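Breakdown of the fold
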Amino acid sequence: LPHVLDAVGQDADADAAVSKVSTFGESADQLREAAKPVYDELNTVSGGEFKKLQNARSEAYRAGDYTKVHEAEEGIDALLETHKVDVDKADYAAAKGAWKDSKILDSTHDAVNRAFNIADEQTANEAGAWRGISGSKLQTGLNRLTERYGAPELRRVLGKDGLKNLTQIAELTRTPQSAAQ
């Protein structure tokens, strides 16, 4: 997070920024927000195509259509490559890095969210229901992330212990008995 914030020209207080984040999805949002000036420039030089693809990705996420999410992400990847000569080299590199890292953080957020037995925390609280993680679902999600991005890339984005800690949580909550402890 700090390297991307600094790279897009922000006076970043990484500790303060990280302290405001409670999910992987919020981390992804912060990366995209830090790169917003460059994304705006990319949108201008692409004739609005960048924003259209971002909107398509957001709509697909809301609908739970991960095939369309992936298609929109591939479109954004291609657009970044096509317009790399139209923006400042350092800005381009920072925006591309922020985009890549935000995809990994969003995917990690989804893997964790899908592992919960009740998706919405507020609903669980209102119902007085126990909300917990299925370790086997979490491990399946982590395995998919590792297949898609590779363990070294996940470690780089999640931090040196991030993937290890998530794997330990998955193991500790692998059975209903261990999850309830």
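Scope of this entry: the structure provided in the associated data block.

Rules of the game
- Counting from 1, residues in each chain are numbered in the order their sequence is written.
- Local features in a predicted model are, by the rule used here, given only for residues with pLDDT of at least 70; side-chain atom pairs are given and counted only at 80 or more, and totals for whole chains, interfaces and linings are based on all residues.
- Values shown for side chains rest on all heavy atoms present in the structure; no hydrogens or waters enter the calculation.
- Working definition: rings of Phe, Tyr and Trp (its six-membered ring) pair if their centres are within 6.5 Å, and the pair is stacked with planes under 30 degrees apart, edge-to-face with planes over 60 apart, and tilted otherwise.
- A run of H or I in DSSP counts as a helix once it spans at least four residues, and a run of E counts as a strand once it spans at least two, with each numbered from the N terminus.
- The cut-offs for exposure are 20% and 50% of the maximum accessible area for each residue type, with area from a 1.4 Å probe on protein chains only; residues under the lower value are buried, those over the upper are exposed, and the others partly exposed.
- As a reminder, the over-ring test applies to NZ of lysine and CZ of arginine, requiring each to be within 6 Å of the ring centre and within 35 degrees of the ring normal.
- Any Lys or Arg side-chain nitrogen found within 4 Å of a carboxyl oxygen on Asp or Glu counts as a salt bridge.

1. Some thoughts on the packing of aromatic side chains
Note on aromatic pairs: each is described by the distance of the centres and the angle between the planes. Using the criterion set out here, one finds two aromatic pairs in the structure. Summarising the aromatic geometry, the rings of Tyr-39 and Phe-50 are spaced 5.1 Å apart at their centres and angled 40° between planes, so their arrangement reads as tilted. In this pair, Tyr-39 is assigned in helix H4 (residues 36-45) and Phe-50 in helix H5 (residues 49-63), connecting sequence segments 11 residues apart. Phe-50 carries the same exposure label as Tyr-39, and that label is buried. Summarising the aromatic geometry, the rings of Tyr-61 and Tyr-66 are spaced 5.7 Å apart at their centres and angled 80° between planes, so their arrangement reads as edge-to-face. Its guanidinium or amino end placed over the ring of Tyr-66, Arg-114 lies 3.9 Å from that ring's centre, counting from NZ or CZ. Lying over the aromatic face of Phe-116, Arg-131 brings its terminal NZ or CZ to 3.7 Å of the ring centre.

2. A look at the pattern of salt bridges
If you walk through the whole model with that rule in mind, you get 13 salt bridges. Two residues, Asp-77 and Lys-103, come together in a salt bridge whose shortest N-O distance is 2.9 Å. Of this pair, Asp-77 sits in helix H6 (residues 66-82) while Lys-103 sits in helix H7 (residues 89-115), and the two are 26 residues apart along the sequence. Classification of Lys-103 as buried rests on a relative accessible area of 9%. For Arg-156, the salt bridge identified is with Glu-153, shortest N-O distance 2.7 Å. Placement of the pair is Arg-156 and Glu-153 together in helix H10 (residues 151-158), with a separation of three residues, close to one helical turn. Here Arg-156 falls in the partly exposed class, since its relative accessible area comes to 41%.

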